[in-house]
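The residues making up each chain are set out below.
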6 protein chains.
Amino acid sequence: MLTAKDPQTGRRSMGLHRLQVKGSRRLGIHLANPPISRFAAKAEENNRPLDVAISLGVHPILLLASIVSSPIEDKVAIAGSLLGSRLALTKCETSDVDVPAHAEVVIEGKVLPKLREPEGPFGETSGYYFSDQSHVIEVTAITHRKNPILQALHPTSQEVALLCGPAGEAEIVQMLREKGFAVEDLALSAPSGRTHVAVSLKKRHDSDPKQLLHFLLAGVPYIKHAVVMDDDVNVQDPGDVEWAIATRVQGDEDLIVIPNLRARSIDPSKKAGMFTAKVGIDATVPVAERHRFKRIGVPSAIKQGVAKRLAAIISPALAGR
Amino acid sequence: MLTAKDPQTGRRSMGLHRLQVKGSRRLGIHLANPPISRFAAKAEENNRPLDVAISLGVHPILLLASIVSSPIEDKVAIAGSLLGSRLALTKCETSDVDVPAHAEVVIEGKVLPKLREPEGPFGETSGYYFSDQSHVIEVTAITHRKNPILQALHPTSQEVALLCGPAGEAEIVQMLREKGFAVEDLALSAPSGRTHVAVSLKKRHDSDPKQLLHFLLAGVPYIKHAVVMDDDVNVQDPGDVEWAIATRVQGDEDLIVIPNLRARSIDPSKKAGMFTAKVGIDATVPVAERHRFKRIGVPSAIKQGVAKRLAAIISPALAGR
Amino acid sequence: MLTAKDPQTGRRSMGLHRLQVKGSRRLGIHLANPPISRFAAKAEENNRPLDVAISLGVHPILLLASIVSSPIEDKVAIAGSLLGSRLALTKCETSDVDVPAHAEVVIEGKVLPKLREPEGPFGETSGYYFSDQSHVIEVTAITHRKNPILQALHPTSQEVALLCGPAGEAEIVQMLREKGFAVEDLALSAPSGRTHVAVSLKKRHDSDPKQLLHFLLAGVPYIKHAVVMDDDVNVQDPGDVEWAIATRVQGDEDLIVIPNLRARSIDPSKKAGMFTAKVGIDATVPVAERHRFKRIGVPSAIKQGVAKRLAAIISPALAGR
Amino acid sequence: MLTAKDPQTGRRSMGLHRLQVKGSRRLGIHLANPPISRFAAKAEENNRPLDVAISLGVHPILLLASIVSSPIEDKVAIAGSLLGSRLALTKCETSDVDVPAHAEVVIEGKVLPKLREPEGPFGETSGYYFSDQSHVIEVTAITHRKNPILQALHPTSQEVALLCGPAGEAEIVQMLREKGFAVEDLALSAPSGRTHVAVSLKKRHDSDPKQLLHFLLAGVPYIKHAVVMDDDVNVQDPGDVEWAIATRVQGDEDLIVIPNLRARSIDPSKKAGMFTAKVGIDATVPVAERHRFKRIGVPSAIKQGVAKRLAAIISPALAGR
Amino acid sequence: MLTAKDPQTGRRSMGLHRLQVKGSRRLGIHLANPPISRFAAKAEENNRPLDVAISLGVHPILLLASIVSSPIEDKVAIAGSLLGSRLALTKCETSDVDVPAHAEVVIEGKVLPKLREPEGPFGETSGYYFSDQSHVIEVTAITHRKNPILQALHPTSQEVALLCGPAGEAEIVQMLREKGFAVEDLALSAPSGRTHVAVSLKKRHDSDPKQLLHFLLAGVPYIKHAVVMDDDVNVQDPGDVEWAIATRVQGDEDLIVIPNLRARSIDPSKKAGMFTAKVGIDATVPVAERHRFKRIGVPSAIKQGVAKRLAAIISPALAGR
Amino acid sequence: MLTAKDPQTGRRSMGLHRLQVKGSRRLGIHLANPPISRFAAKAEENNRPLDVAISLGVHPILLLASIVSSPIEDKVAIAGSLLGSRLALTKCETSDVDVPAHAEVVIEGKVLPKLREPEGPFGETSGYYFSDQSHVIEVTAITHRKNPILQALHPTSQEVALLCGPAGEAEIVQMLREKGFAVEDLALSAPSGRTHVAVSLKKRHDSDPKQLLHFLLAGVPYIKHAVVMDDDVNVQDPGDVEWAIATRVQGDEDLIVIPNLRARSIDPSKKAGMFTAKVGIDATVPVAERHRFKRIGVPSAIKQGVAKRLAAIISPALAGR
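Values in this document were obtained by computation on a predicted structure and should not be read as measured data.

### Quick word on the pattern of salt bridges
Residues and elements named next belong to chain E. Overall, the coordinates contain 114 salt bridges over all chains when judged by the stated rule. The closest approach of N and O atoms between Asp231 and Lys202, which form a salt bridge, is 2.8 Å. Here Asp231, found in the loop between strand E13 (225-230) and helix H6 (238-248), pairs with Lys202, found in the loop between strand E12 (196-201) and helix H5 (208-219); they are 29 residues apart in sequence, far enough to count as distant. Residue classification places Lys202 among the partly exposed residues on the basis of a relative accessible area of 45%. Among the ionic pairs, Asp230 bridges to Arg248, the shortest N-O distance being 3.5 Å. Remark: Arg248 occurs in helix H6 and Asp230 occurs in strand E13; sequence separation between them is 18 residues.

So, in structure tokens, the structure goes:
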């Protein structure tokens, strides 16, 4: 977890960035996401280093706060709000930034201006090794508690999925509801590295799903494939999603292919010039045809009757055991 | 399990067909698949009934033999070959057909010519209720063992999936390998009602997957959506398939949409005139780009080292227990 | 200008709605836009009328406030903020709503529940006559100043264009900038009834314009056709926009056609089921080709030299006049 | 204005060609259009120079005659016919061509064979600077009147638009009418450099506009984008054209994109190999839907009544002034 | 062969039209082509009959003249020009028209205004039976030579093909050459009913064939499918054309499909609303790839050598016979 | 005709392969087809030569057997079966293979491992010259009858067409019928080099032709273009096929274009990476429209009447001769 300040406004913020040990006092760092990527760019414009500190072994809520994308750039404040109390900070020794008071290890240093070096290959959330030309940190000090305990984040592990998934899902649901879409539920799939999304919708008009898909694929950069379903489908169950695609899609009418959008840098299938194609699937039933799509199920009256009879058989048996 | 004879050649065969009790001596029967649908059609041309017998409570291998699609129409012979011994048969009392000697219940009757009645709605493998205009059987006799035990087949249950899946997969793999495709593995997905298929392939040329997809979608009537992957993907793991689609597909180049093919009657999304569109996905890596698609994994040397160290730690601990 | 209260929360708001005189105490009203359309729907659910008041001859800033689409539903507050002072309100005599204190005429009444009557045809902003099944107001009182002066709004007049244009443009610019698009300028065209939009952009990547167009066409319901240009084009000058389309577009690569989105009710070309197709045009120069697209112009040094010489010639001449 | 003779037939003709001063006796000349480009090619085949003369300061009708594309190659005759009297000519002193007797300046010379030199960049009618490998004229003599007065033609000025527009419009209208299209009016737009054309049509069948667009885009090399409208739209008013596109087009049915046609050399967006895509828009109302597209307007009876009343009010007022 | 006069201008013309005997003094007539269809329409506007005469047994050149489509409407003059001498005419007895003096049979009558009756079915050039609502002629007189000899024209016979083919081919070649296309040869195919055309071209630019195909398919109403080839292909040999399509076409780049053009009335595959789709095939070799497309052939030196040797062997043998 | 043995199994087989004389003891050989291409590959894996023998002047049935593609690899057995008697073989002198006992000339040798040399250009069945990097045979012995007589096969001659055509047609018909398509007749066209196929079908459902075309184009590598027709069309008559395409196809619905399939090596239009596009044409009449497509013909009753009358006229005339 990296902390730094905006060189212009002095406002502090936090972020999660990939590091690589490159020598006893030298770290590679992958600055691909705002706000700290912006701080570094501003410092570089004036040919100045950017003071940073890396805190290891922090409260998990700080990780969550670091990755929320929000108009509020002060992620320390977001962390405080999630914690329910102000986040205790402390000054660094050699670097002009604050760090969480309870971090187990703090590495202080400066991001050097106008310097890029090969970094990686690291395993990325896409499931592939990924290299890039990245920034370099010169380490100025390391402080730590006695016998410090660290949490390592492996990009393809469940930990990242659990950490990033809910934040992203909540953001997208809010964005869609603000535009008037009656979203019922939404799931980013873990195996896809959170690039696949399944949405269930109380559809009012047959144009709703197509409009939602275009808005979503153009509006959320990291989503590549999306499927929209009616609200009788459980988006949390991949089998249910597959069933909807199998029985409610006609590929020549319900697929939307959008070429030439902007790709994620870690997608190995991206095209020259950072382009990607995205695909949307409308797996909803036409409003006028809903009567033809009655899902098999046991009526609740019968379910209750069966439960009663089973109870009548099983309970005495159990009692007699 | 229905048995009947070809009215022209006298050759017997078997099939699994949906029945509906319509009165004390009257059954509805859905004759949608050969060979018995053909026997009924031939009898009907001469305006004659078709003698049939329904055997309930039979060896499961007979069910498997009934649904194999094969140029060999004599499914009794197929059953014998699967059993490893000739299938014991016995004559019916009122109907000119043979039935398995060990059936628990046998219902004898005739499919009436030139008569169709509404049948259903029944839950079908597509997951929806489905009705049709179907044939009618006039029951002529019922014989059974004492305290007969039946196996009921529920169309959306795992039982059907386990029964039908492997037979279909084996047939398709053979068809593809005969055409020279180096198929590695193949899976029909259960939640889709076996209309989705995932294939892994040792791809030689970049045109292999597209050619395979066109051949498969046009050649296998019940497949609606298919995806082809390289052989480093496990087609039995839906998460692995999703990962391949997420990271190896560009929707404007790798999707094949084929409109106007023939739909399955139980697909509720089918279009007027029994048409359907089918979709194929090429999720393989271009031959020339394979070096860029190195999957994250732990090298086997390291895996073994870790295993050794763990053993060194764990074994003494266990020994001391 | 209509005022009403939310039947649930009691919060007041305002809106501009089309009226038709249908009798001495009866008005037709076209309630197609929130929030008052929502208030009426809520009242109707409980089978109750909605008290409303129509204020004619009000401060023009109130009209502007009425049509702003904003998450803040209290448009009286918006009007106050635009006026720079609290809007003076007064109670109605027969209707439970407040009206601007200085209105020239106030018509009080109730929107009747579960009643729709044919309304129109009226000339609409699309330039065509348009009819609909609309709500009905029962008038309960009319109050007015002596010799009241009214402002009539003609839907196809410049007045509506001047009133609605800037509000819509500001909203869209903000929406695009929040998504990170470096929008330079934006113009809704008056002859198209504000359904055509021209956007100029400081393009960073070649995928920016396509992503913007998809986001805009799916995100803004009333926009039908959109064109994106580089920031050397003046979006306020239709000739300049046409020049960019003529010299920077290749129709097979730069046109985006999105079928099956939701149409505006007043678009006479809309398809059955309220669908419409929308079109986006990317009239920007590829980043790598900018050097080839140097616009003709007179260098500023020469312009100044010419100005000097003209001054040297003209000034004495004028002086001698 | 250049004059020359066909080296084979001796027939004279005229043309407008771009010149560049390259030395005291050397001019660059851009020979891209027939007939003089053909004369130069014929002379070059025999490795001979082509005698030419450039006349500056001539009757404007000669400019118009020079640019008409006509099967009649003798543009001197065309000029005479436009003037209503035979064009007076005079022999050159050093070059074997005739020039208009009243030209203010005449530059005589020879186009050199098998020589091309870089020429430009000049601002072209496309609005961009444009360079090419062009022919060279060796100047042999210059004659002129005393205090000669010249007309300079600036390619992006209104002068060129006024000069070239009507000639092109008349040619296209004739070509379309000969094919049986009931063209009502037609306008080449000035800001597009006359590459955009708007056509109004008395449409008889719904296939007329599409057939016209294909014929026009393939038949007229310099037209890139074309729109066809019904005859209630004024093609001379860009706002009216935009209104028709906004309210009568469904982009998935009414757009025609033709890739791989031949591009104009001065179009900076042209693709490698001189290809271009062209686009046609059918903005007509389907014949069967005309009743739904009634344009807003004031009935003429009412217009006259208003005019009368206004006259009754205004005239006395004016009289009393 | 029908003759009539323009009711407005009095100018006579001729045409070939399908007739059906409907009674002793009543003929059905199919007036689908100008100029006589126009004459009848003009007469009908004034609610007047159109005097006509049908000449049977005439000089074949008159048939050819009748079907030429030309801006010169006076087909009598065209016939004269083809004959090389003025066509001798004679007045009718009961009808105000002239007929060829040497016709074997002349049927005089009037096309009745505002009357249409079912006509046909007749076998048409499309190879199908075709019916229509057609005009009716009231016969006023029949004159004939002794033992008259007639030529019957069967629409699907070689006679029609030989008659209509060359006229159509010449017209299209001229139209294309006027537009600057270097057409080498052109063939309308007989089995297609002259709706298929094969064109060979000295291609200069790769865009030539596509531009030609669009111009041809939109400009010639009766052409449905067209193929363009290089000039090393013999368009008169269907096998050669097929070979070019087999070895020089890539279907995803070289096929042009134009939907929604106007259909011929006798095409049974036409869509509702008289629409048709047309297809063009570019079977030319890309200019830059010509070296790869060297056709197999025997070099002429070897051919001559073989001829000599054969002669040396055969001649003495023949001589000795 | 080449004979060789599988280096693993020792099973013999035969094939037709292109040879080039490269020296007194050296032949180039084009090994593009199994099984002998596979034998050579296996030998090469072990870095060993493959013994082969070339037999010239053999029974034509052996040529046919050589080119049949069949799961039965032993083409000697196929030849025997076609001959109706066992094929007499004899051992070679220097090469470990058998050859037909009656061959006129036998060339014995070895295909050298890991050696490829430029071969050709030869005229190929595509009608073009074709070169490749090919294997080399070192000749070890030549044996022959006295005055041996050879049959030379010219790739573009009728001989190859007659030889290869029927074998291919029979294979494809069988493949289609096994899939349930009611194929009536099928023709590979000679001028296309057997890459064009015309199929006639007793169509049951409108989806049959599209399904057949996809199956055929993906399943038969050498077919590039295919057309399906109803069974009233004679696929052996190119004019009949053209007529069906002219009158039963709508290009926007009935054309299937499949890009990115695998090309034949001898197709000069193939794309980089050995890709090709294939095209299918559905020229069948929609089932519901068959009544509108009645082909012109003379009813058989009339035909017989005419025949009788002609006989009555002609026979006496002939008798009197």
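Once the structure has been displayed, the description carries forward.
### Structural notes on the interface of chain E and chain D
The interface is formed by 17 residues belonging to chain E together with 18 residues belonging to chain D. For the pair chain E and chain D, the two sides together bury roughly 1,800 Å², of which 62% comes from carbon and sulfur. If you sort the residues of chain E by the area they bury against chain D, Gln211, His214 and Arg262 of chain E come out on top, with a joint share of 31%. Here chain E and chain D share zero salt bridges between them. Where chain E touches chain D, the interface holds seven residue pairs in polar contact (both at pLDDT 80 or more).

### Considering the relation of the copies chain E and chain D
Mapping chain E onto chain D calls for a screw motion: a turn of 180° about the axis and a shift of 0.3 Å along it, with 0.2 Å RMSD after fitting. Considering both components of the superposition, the chain copies are consistent with a two-fold axis. In terms of proximity to the rotation axis, the leading residue of chain E is Phe215 of chain E, whose C-alpha is 2.6 Å off the axis. Of the residues that chain E buries at the interface, 100% are likewise interface residues in chain D, meaning the two copies contact each other through the same surface.

### A word on a nonpolar patch on the surface
Residues Val298, Ile302, Val306, Leu310, Ile313, Ile314 and Leu318 of chain C make up a contiguous nonpolar surface patch of roughly 640 Å² in combined accessible area. In this fold, Ile314 of chain C is placed in helix H8 (residues 300-319).

### So, helix H6 (residues 238-248) of chain C
Along H6 of chain C, nine of the eleven residues are buried, which leaves the element largely enclosed by surrounding structure. The residue sitting at the N-terminus of H6 of chain C and contributing the capping side-chain oxygen is Asp237 of chain C; that oxygen lies 2.8 Å from the backbone nitrogen of Gly239 of chain C.

### Comments concerning the interface of chain B and chain A
Between chain B and chain A, the contact holds 44 residues from the first and 44 residues from the second. One can count four salt bridges joining chain B with chain A. Those elements that place two or more of their residues in the side of chain B that touches chain A are helix H6 (238-248), helix H7 (251-254), strand E14 (255-262) and strand E15 (275-283) of chain B. Broken down by element, the side of chain B that touches chain A gets its largest block of residues, seven residues, from H6 of chain B. Here the residues of the side of chain B that touches chain A sort into 16 nonpolar, 16 polar and twelve charged.

### Here we look at the sheet that holds strand E13 (residues 225-230) of chain B
All names here are of chain B. Taken together, the five strands give an open sheet; going across it, the order is E11-E12-E13-E15-E14, and neighbouring strands pair in mixed fashion. On the outer flanks of this sheet lie strand E11 (183-188) and E14, each paired with one strand and no other. Direction aside, the axes of adjacent strands within the sheet are offset by 15° on average. Relative to E13, strand E12 (residues 196-201) runs parallel, the two sharing six bridges. Paired with Val199 across the strands is Val228, a residue of E13.

### A word on the domain arrangement of chain A
Partitioning chain A into domains gives domain 1 (2-144) and domain 2 (158-292). Summarising the inter-unit geometry, the C-alpha centres of domain 1 of chain A and domain 2 of chain A are found 32 Å apart.

### Observations concerning the packing of aromatic side chains
Considering all chains together, one arrives at 21 aromatic pairs over all chains under this definition. Between Phe215 of chain A and Phe215 of chain C, the aromatic rings sit 5.0 Å apart at their centres with planes inclined by 15°, giving stacked as the arrangement. Of this pair, Phe215 of chain A sits in helix H5 (residues 208-219) while Phe215 of chain C is found in helix H5 (residues 208-219), placing the two residues in two different chains. For the residue pair Phe215 of chain A and Phe215 of chain C, the accessibility class agrees, reading buried in each case.

### Some remarks on the packing of helix H2 (residues 60-67) of chain D against helix H3 (residues 75-83) of chain D
All names here are of chain D. Relative orientation of the contacting elements H2 and H3 amounts to 135°, with a least axis distance of 9 Å. As judged from the angle between their axes, H2 and H3 are oblique. In the packing of H2 onto H3, the handedness of the crossing is right-handed. On H3, the residues touching Ile61, Leu62, Ala65, Ser66 and Ile67 of H2 are Lys75, Ile78, Ala79, Leu82 and Leu83. A class-by-class count of the residues in the contact of H2 with H3 yields eight nonpolar, one polar and one charged.

### Observations concerning the confidence of the model for chain A
Of the residues in chain A, 93% reach a pLDDT of 70 or more, and the chain-wide mean stands at 87. Per-residue pLDDT, averaged within each element of chain A, yields its smallest value for helix H2 (residues 60-67) of chain A (77) and its largest for strand E13 (residues 225-230) of chain A (98).

### Brief notes about the sheet that holds strand E11 (residues 183-188) of chain E
Residue and element names in this part refer to chain E. Spatial ordering of the open sheet is given by E11-E12-E13-E15-E14, a layout of five strands whose pairing is mixed. Each edge of the sheet is formed by a strand with only one pairing partner; in this case those strands are E11 and strand E14 (255-262). If you compare each strand with its neighbour and ignore which way they point, the axes differ by 15° on average. Along the sheet face, H5 touches E11, E12, E13, E14 and strand E15 (275-283) and points at about 155° away from the line of E15.

### Focus on the side chain of Lys203 of chain C
Residues and elements named next belong to chain C. Within the element layout of this structure, Lys203 appears in the loop between strand E12 (196-201) and H5. A polar side-chain atom of Lys203 sits 2.9 Å from a polar atom in the side chain of Thr284. One polar contact links the side chain of Lys203 to the main-chain carbonyl oxygen of Val285, over a distance of 2.9 Å.

### Focus on the pairing of strand E3 (residues 18-23) of chain D
Bridge count for E3 of chain D against strand E4 (residues 26-30) of chain D is five bridges, and the pairing is antiparallel. Within the sheet, the bridge partner assigned to Gly23 of chain D lies in E4 of chain D and is Arg26 of chain D.

### Some details on the pairing of strand E8 (residues 105-111) of chain A
Looking down a regular strand, the side chains alternate between one sheet face and the other. All names here are of chain A. With respect to burial, E8 is a largely interior element, six of its seven residues being buried. Summarising the sheet, strand E5 (residues 50-56) and E8 pair through seven bridges and their orientation is antiparallel. Bridging across to E8, Asp51 finds its partner in Lys110. Judged from the seven bridges that link them, E8 and strand E10 (residues 129-144) form a sheet pairing that is antiparallel. Residue pairing across strands places Val105 opposite His144, the latter belonging to E10.

Reading the values: the criteria
- Residues numbered from 1 in each chain as written.
- Chains lettered and ligands numbered in written order.
- Predicted model: local features only at pLDDT ≥ 70, side-chain atom pairs only at ≥ 80, totals over all residues.
- Heavy atoms only, no water.
- Salt bridge = Lys/Arg side-chain N within 4 Å of Asp/Glu carboxyl O.
- Helix = DSSP H or I, 4+ residues; strand = E, 2+ residues; numbered from the N terminus.
- Buried < 20%, exposed > 50% of the residue type's maximum accessible area, 1.4 Å probe, protein only.
- Contact = heavy atoms within 4.5 Å.
- Buried area = accessible area lost by both parts, 1.4 Å probe.
- Polar contact = N/O pair within 3.5 Å; in protein donor to acceptor, adjacent residues only side chain to side chain.
- Least-squares fit on C-alpha atoms with pLDDT ≥ 70 in both.
- Patch = residues over 30% accessible without salt bridge, like charges linked within 9 Å, V, L, I, M, F, W, Y side chains within 5 Å.
- Areas by Shrake-Rupley, 256 points an atom, 1.4 Å probe, with all protein chains shown as cover.
- Nonpolar A, V, L, I, M, F, W, Y, C, P; charged D, E, K, R; others polar.
- Pairing = 2+ DSSP bridges.
- Axes fitted to C-alpha atoms, helices over the stretch in contact; angles between N-to-C directions.
- Domains from an automatic or database assignment.
- Phe/Tyr/Trp six-rings, centres within 6.5 Å; stacked < 30°, edge-to-face > 60°.
- Parallel < 35°, antiparallel > 145°, perpendicular 65-115°, else oblique.
- Left-handed = near helix turned anticlockwise from the far one by under 90°.
- pLDDT = per-residue confidence, 0-100.

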